[in-house]
Amino acid sequence: MCYVGQAVDIANRWKQHIKRGIGAEAPTKNKLYPAMINCGVENFKFEIIQECPANLLNEREKYWQDVFKAKEFGYSIK
């Protein structure tokens, strides 16, 4: 199971995930945060799989979601 996302400010984005994953902020409609709450955020690993210019973020996010099948077998929904 994986989640593939994108961010310009990676550290801040990871903090947002953690806050929502522990219930400190309201979760959005996705599959990641309920899994983090149920399994514990300590059981999730964060990795940067590619760095790219901001104008390519959407394209590269879709590419990596397809590679890892993150929508079919993971937590990605868009």
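Residues numbered from 1 in each chain as written. Predicted model: local features only at pLDDT ≥ 70, side-chain atom pairs only at ≥ 80, totals over all residues. Heavy atoms only, no water.

1. Some words on the overall build of the chain
The helix and strand inventory of the chain stands at three helices and zero strands. Over its C-alpha trace the chain gives a radius of gyration of 12 Å, about what one expects of a compact globule, namely 12 Å for 78 residues. Taking the principal axes of the C-alpha coordinates as reference, the chain spans close to 30 × 25 × 20 Å. Residues classed as buried in the chain amount to 24% of the 78 residues present. In the chain, the share of contacts with a sequence separation of at least 24, taken over all contacts with a separation of at least 6, comes to 49%. Of the side-chain charges in the chain, 12 are positive and 9 negative, and the distance between the mean point of each set is 5 Å. (Helix = DSSP H or I, 4+ residues; strand = E, 2+ residues; numbered from the N terminus. Rg over C-alpha atoms; globule rule 2.2 N^0.38 Å. Buried < 20%, exposed > 50% of the residue type's maximum accessible area, 1.4 Å probe, protein only. Contact = heavy atoms within 4.5 Å. Lys, Arg positive; Asp, Glu negative; His and termini not counted. Charge placed at Lys NZ, Arg CZ, Asp CG, Glu CD.)

2. Here we look at the nonpolar core
Of all hydrophobic cores here, the largest spans six residues; its members are Leu-32, Tyr-33, Ala-35, Met-36, Val-41 and Tyr-75. The contact partners of Val-41, leaving out residues within four places of it in the chain, are Ile-18, Gly-21, Ile-22 and Met-36. (Core = buried A, V, L, I, M, F, W, Y, C linked by side-chain atoms within 4.5 Å.)

3. A closer look at helix 3 (residues 57-68)
The terminal C-alpha atoms of helix 3 lie 16 Å apart, and with twelve residues this matches the ideal 16 Å at 1.5 Å per residue to within 8%. Within helix 3, burial applies to Leu-57, Glu-61, Trp-64 and Gln-65. Projected down its long axis, helix 3 carries its buried residues within an arc of 105°, all on one side. Phi turns positive one or two residues past the end of helix 3, at Lys-69, with a value near 50°. (Expected span 1.5 Å × (residues − 1). Arc of directions from axis to C-beta.)

4. Focus on the state of the cysteines
In total, this model carries zero disulfides according to the counting rule given. Between Cys-39, a cysteine without a disulfide, and Cys-2, which holds the nearest cysteine sulfur, the sulfur-to-sulfur distance is 14 Å. Looking at Cys-52, it has no disulfide partner, and the nearest cysteine sulfur is the one in Cys-2, 17 Å off. (Disulfide = S-S within 2.5 Å.)

5. Here we look at the environment of His-17
Secondary-structure assignment places His-17 in helix 1 (residues 10-21). Taking relative accessible area as the criterion, His-17 reaches 6% and is therefore assigned buried. Sequence separation between His-17 and Glu-47 is 30 residues, and the spatial gap between their C-alpha atoms is 13 Å. Other than its neighbours up to four places away in sequence, His-17 contacts Tyr-3, Leu-32, Tyr-33 and Met-36.

6. Some thoughts on the environment of Phe-44
Tracing the backbone through its elements, the reader meets Phe-44 in the loop between helix 2 (32-39) and helix 3. In sequence terms Phe-44 and Phe-73 are 29 residues apart; their C-alpha atoms lie 16 Å from each other. When near neighbours in sequence (up to four residues on either side) are disregarded, Phe-44 contacts Leu-32, Ala-35, Met-36, Cys-39 and Tyr-75.

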